[in-house]
Amino acid sequence: MTVELAAGAYDVHVGAGVRHRLASVIPAGARRAAIITQAGIDWQVESGLEQSVFTVADGERAKSLSEVERLCGRLSTAGFTRADVIVALGGGVVSDLAGFTAAVYHRGVRYVTVATTLLAQVDAAVGGKTGVNLTEGKNLVGAFWQPHAVLCDTETLASLGPRELRSGQGEMAKYHFLTGEDLDALDTVARIAAAVRIKAEVVAADEREGGRRVILNYGHTLAHAIETAGRYDMRHGEAVAVGLVYAAEVALRMGRIGERRVAAHRRVVAGYGLPDRLPELLSDDELLESFSRDKKALDGVTFVLDSERGVEPVVGVPESVQRDALQAIK
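Source: prediction; values computed, not measured.

Caption draft 1: Structural detail: the packing of helix 2 (residues 65-77) against helix 3 (residues 92-104). At their nearest, the axes of helix 2 and helix 3 sit 10 Å apart, and the two run at 60° to each other. Between helix 2 and helix 3, the angle is such that the two are oblique. Like other packed secondary-structure pairs, helix 2 and helix 3 cross with a definite hand, here right-handed. The residues of helix 3 that touch helix 2, namely those facing L65, E67, V68, L71, C72 and L75, are L97, F100, T101 and V104. Here the residues of the contact of helix 2 with helix 3 are counted per class, giving eight nonpolar, one polar and one charged.

Following this line, the structure appears as structure tokens:
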């Protein structure tokens, strides 16, 4: 299916084999294509242009300023200019890294994302948030830079290993709580399309995360702390799953939701085969200290919490509540 994103006026194509549409969505006037991908990605794409392939390392550690500098240097040496196009071919790491490189190289180059993982398709590829990590935390350096088009090829999902698939399922689980829609009734492709549509509607209303878009970070305050403190031993979606349950436990203690709603969070997470418990090696003090470095923290720690009104940002959660909720997920 094709989804119109009013925020950036670009299309997102969802379906089996849509990577073969790349040549049809290349921006007009582009002369050459720089394909940014990873060595382990076997999928091939044809842009219809002269194209060069640039590979990056695997894992979150590839999302670094040094890697951006290396990529920009290689693009410059190869003679790429603002008239050309960057194509991100891969998962969330490639999407974030290639998107940020596109945002800063020559002060902005057009780019297209071909998302080959579930995580990229329901999260990283859509919405124009690009970025890299610092030692101090995830995605602390980045830019809002909308792609020219996004291709979410569901055919590529069959090649994913169980943990890679779960990484995307954690983000998918999040969407069960952002609207009143019954995602349980949909098959995988329809769920992906629904997630893209939900995210598109939120981004269209708040492209630069000045308000409502922050709800897309539901479950992420603890998730990013787990990933940073744990040196990324958990996949992103696994950490988000734990973060969703934690957010529900915090909301329960704030009187925003009841036990039944908390149980619904655990049910959805379990339905995807995802963890709902905190890794044993992570200390409460380390996690709480990471909360303060979360990029949503503008005036104290900001949580995204559920309520009868829906999911919304909340400031001023007492530290005692934060700690008590951590005990509930151990």
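Caption draft 2: How the structure looks around the pattern of salt bridges. Tallying each qualifying case throughout the model produces 29 salt bridges. Here R235 and E164 are joined by a salt bridge, their closest N and O atoms 2.7 Å apart. With a gap of 71 residues between them, R235 in the loop between helix 7 (220-229) and helix 8 (236-253) and E164 in helix 5 (residues 162-175) connect regions that are remote in the sequence. Of the residues examined, R235 reaches a relative accessible area of 31% and is grouped as partly exposed. The structure contains a network of salt bridges with shared partners spanning E249, R253, R266, D276, R277 and D324.

Caption draft 3: Spotlight on the pairing of strand 3 (residues 32-38). Burial within strand 3 is extensive, with seven of its seven residues counted as buried. Burial along strand 3 is two-sided: the residues R32, A34, I36 and Q38 and A33, I35 and T37 are all buried. Pairing analysis gives seven bridges linking strand 3 to strand 4 (residues 50-56), with the strands arranged parallel. Bridge pairing links A34 to S52 in strand 4.

Caption draft 4: Expanded view of the environment of L118. By secondary structure assignment, the location of L118 is in helix 4 (residues 118-124). L118 sits in the buried class, given a relative accessible area of 4%. Between the C-alpha atoms of L118 and G91, which are 27 residues apart in sequence, the distance is 7.7 Å. Excluding residues within four positions of it along the chain, L118 makes contact with L157, L160, L165, G168, Q169, M172 and I192.

So, how was this worked out
- In this convention, every chain numbers its residues from 1, walking through the sequence in written order.
- Residue-level local features of this predicted model are given only where pLDDT is at least 70; pairs of side-chain atoms are given and counted only at 80 or more, and the full residue set underlies all totals for whole chains, interfaces and linings.
- Derived side-chain values reflect all non-hydrogen atoms in the structure, with water molecules and hydrogen atoms excluded from consideration.
- Every angle, taken between N-to-C directions, lies between 0 and 180 degrees, and every axis is a line fitted to C-alpha atoms, over only the stretch in contact when it is a helix.
- Strands here mean DSSP runs of E at least two residues long; helices mean DSSP runs of H or I at least four residues long; both are numbered from the N terminus.
- Just so you know how the angles are binned, under 35 degrees is roughly parallel, over 145 roughly antiparallel, 65 to 115 roughly perpendicular, and the rest oblique.
- Each crossing is labelled by how the near helix is turned from the far one, with a counterclockwise turn of less than a right angle marking it left-handed and a clockwise turn marking it right-handed.
- Contacts are assigned to residue pairs with any non-hydrogen atoms lying within 4.5 Å of each other.
- Ten residue types, Ala, Val, Leu, Ile, Met, Phe, Trp, Tyr, Cys and Pro, are classed as nonpolar, four, Asp, Glu, Lys and Arg, as charged, and the remainder, Gly among them, as polar.
- Any Lys or Arg side-chain nitrogen found within 4 Å of a carboxyl oxygen on Asp or Glu counts as a salt bridge.
- When a residue's accessible area, from a 1.4 Å probe over protein chains only, is under 20% of the maximum for its type it is buried; when over 50% it is exposed; and in between it is partly exposed.
- Two strands pair under a simple rule: DSSP has to find at least two bridges between them.

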